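Each chain, written out:
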Amino acid sequence: MEPILSVEDLSVSFARYDRGLSRRSLSALRGLSLAVEPGQVLAVVGESGAGKSLLAHAILHILPRNAQASGTIRYGGASLTRERAEVLRGREVALIPQGVTFLDPMMKVGSQIRRGENSPDARARCRQVLERYGLGPETEELYPFQLSGGMARRVLIACAVMESPRLIIADEPTPGLDAKAAGRVLGHFRELAEQGAGVLFITHDLTLALSVADRITVLYDGQTADTVSPSQFRAGTGLTHPYTRALRQAMPENDFL
Amino acid sequence: MSHRLQFTAKKLVRMALLLLGVSLTAFLLMNASPLDPLQTNVGQAALGSMSPEQIAKLEEYWGADTPAAERYLSWLGSALRGDLGVSLLYRRPVLEVIGQRLSTSLWLLACAWVLSGALGLGLGLLAGANRGRWPDRLVRGCCLTVSSTPAFWLGLLLLIVFAVWLKILPIGMAVPIGGGQATLLERLRHALLPGLTLSITGAANIALHTREKVVDVLDSDYILFARARGERHILRRHVLRNVALPAVTLQFASIGELIGGSVLVEQVFSYPGLGQAAVSAGLGSDMPLLLGITVVTAALVFGGSLTADLLYGAIDPRIRKGAAAQ
């Protein structure tokens, strides 16, 4: 199937000023490639600091100003330029961020989910998506600081599905949740994929990735080390990179001693 | 509700302690001043021609022969009963002098307070939203320059430009000279230059602080998420909302700086306000008036910070709802 999102040879580097005025380029991602197909969950697994969030920000064209990106990002068959990204953001492409700090602390949840729209249609849809994730209409009137960790995560997912997106980028959406709550969140991703959306699930948690993803891309040193299916990974077949093999070895069930 | 009451009670106790401390400090400083009230107010030549009885009478009037502790305690005693005494220089009740002077100064202070707040917030937003680009550098450059400029010097500069060269604004005073009852417009015209001087100095400070806050907010996760969701009007919807809190604090905290600045600025513009009265009271050893002005201005500044605290509770949902939940 034609991938909804394909990333080829993506590199992201930062311009940094060291001592004095010497300018140094610090590369975070170098030559990363992956593809997300509609109806599938692709998990991107990498250590903290491997540049996983930068991948999400590069796709959405919201990298910090001192970052430089190169490579090709294609969405729906055509190049995803800054102009296109600006149109697609929040409509066809949705980001699910890490936690409650991504909500404006001074604004009620309902208004944030609706992005300030107050039409009866938007209000109805807002209540609908809240209900879909088991949140009552009273949630609209809460401020972010009044949400529990699990509620905040569900509100962030509700933000993403307000506009029935075709591509969902979830950037570490589970830290701080217990296994049960994390499982529920992943269930929501699975459900979105089954409805036809492509899901890019960025995480450092290999076990979670294996449990939910159709395919797993392992990042190492800013590059794609391997892309395999969970069953391949478990079996240890098709792993070409030493890092991926070591990662598999390190799992509790694979005699990591 | 009991939370609010407790809060208010704590603040009131703090205010009482503050006023006590401020009045005592002012008294001790004045007491330690090398100025001899008789020599300053009567003059060396006049003193020389007076009889010892006359001098003793004058010493009694200026309180030069009473021990310091006794003078302070007797002032404090009557102040607690609401009597701030009689000004030695103006020979009228201190409260009356302060009331009259304050009503003149209020034009100036209000003018400067509103202008500096609006200007500072606007420039701060402009600079923060354009971080690193030319509007930011321009605003920051100007603000840093103004911040390092003494207010009285800035006042002189404005006087030279607008009153001496361009002759479009009056050179000083609060009303036209010898003009009887002044109209509102005339009062505003006279308050404009000193008000502008105060505003420019105040605005620079507020703009620099606001800019920092805007930069912080723009770097936050929630702005990133708002951008990722393709939100428009991010500045109005998120930045302004989150900058409002520190802006309110700054605005009310600036009352203190404004009053401080007005002492110098009123001197430059011969503006007969509270600041000028404070200077004359200090130089003329008018202890009751000086203590009165110190206490009243300290109360004003404290009131400003208190208002900011209360508004904070009203604006910030975390405090408002948090307090209600307790």
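Figured I'd write up the structure that's included with this text. (Residues numbered from 1 in each chain as written. Chains lettered and ligands numbered in written order. Predicted model: local features only at pLDDT ≥ 70, side-chain atom pairs only at ≥ 80, totals over all residues. Heavy atoms only, no water.)

## A look at the pairing of strand β3 (residues 41-45) of chain A
Residue and element names in this part refer to chain A.
Here's step 1: Along β3, five of the five residues are buried, which leaves the element largely enclosed by surrounding structure.
Here's step 2: Alternating residues of β3 divide into Val41, Ala43 and Val45 and Leu42 and Val44, and every residue in both groups is buried.
Here's step 3: In terms of strand pairing, β3 meets strand β8 (residues 198-203) through five bridges, oriented parallel. Opposite Val45, over in β8, you have Thr203 as the bridge partner. (Buried < 20%, exposed > 50% of the residue type's maximum accessible area, 1.4 Å probe, protein only. Helix = DSSP H or I, 4+ residues; strand = E, 2+ residues; numbered from the N terminus. Pairing = 2+ DSSP bridges.)

## Remarks on the side chain of B:Thr149
Residues and elements named next belong to chain B.
Here's step 1: Along the polypeptide, Thr149 turns up in the loop between α7 (134-147) and α8 (151-165).
Here's step 2: Residue class for Thr149 comes out buried when judged on its relative accessible area of 14%.
Here's step 3: Within polar-contact distance, the side chain of Thr149 engages the backbone oxygen of Thr145 at 2.6 Å.
Here's step 4: Ignoring anything within four residues of it in the chain, the contact list for Thr149 reads Leu154 and Thr201. (Polar contact = N/O pair within 3.5 Å; in protein donor to acceptor, adjacent residues only side chain to side chain. Contact = heavy atoms within 4.5 Å.)

## Concerning the sheet that holds strand β2 (residues 23-36) of chain A
All names here are of chain A.
Here's step 1: In space, the four strands of this open sheet follow the order β2-β1-β4-β5, with antiparallel pairing throughout. For this open sheet the edge positions go to β2 and β5 (78-79), each flanked by a neighbour on one side alone.
Here's step 2: Strand direction decides the pairing type here: strand β1 (residues 5-17) and strand β4 (residues 67-75), joined by eight bridges, are antiparallel. Residue Phe14 lies in a different strand from β4, and its bridge partner there is Ala67.
Here's step 3: The sheet strands contacting helix α1 (residues 52-60) are β1, β2 and β4, and the helix crosses β1 at an angle near 105°. (Axes fitted to C-alpha atoms, helices over the stretch in contact; angles between N-to-C directions.)

## Side note on the state of the cysteines
All names here are of chain B.
Here's step 1: Tallied over the entire structure, the rule returns zero disulfides over all chains.
Here's step 2: Cys143 provides the cysteine sulfur closest to Cys142, a residue in no disulfide bond, and the two sulfurs are 6.8 Å apart.
Here's step 3: According to the relative accessible area criterion, Cys142 is partly exposed, its value standing at 43%.
Here's step 4: Residue Cys143 is classed as buried on the basis of its relative accessible area, which comes to 5%. (Disulfide = S-S within 2.5 Å.)

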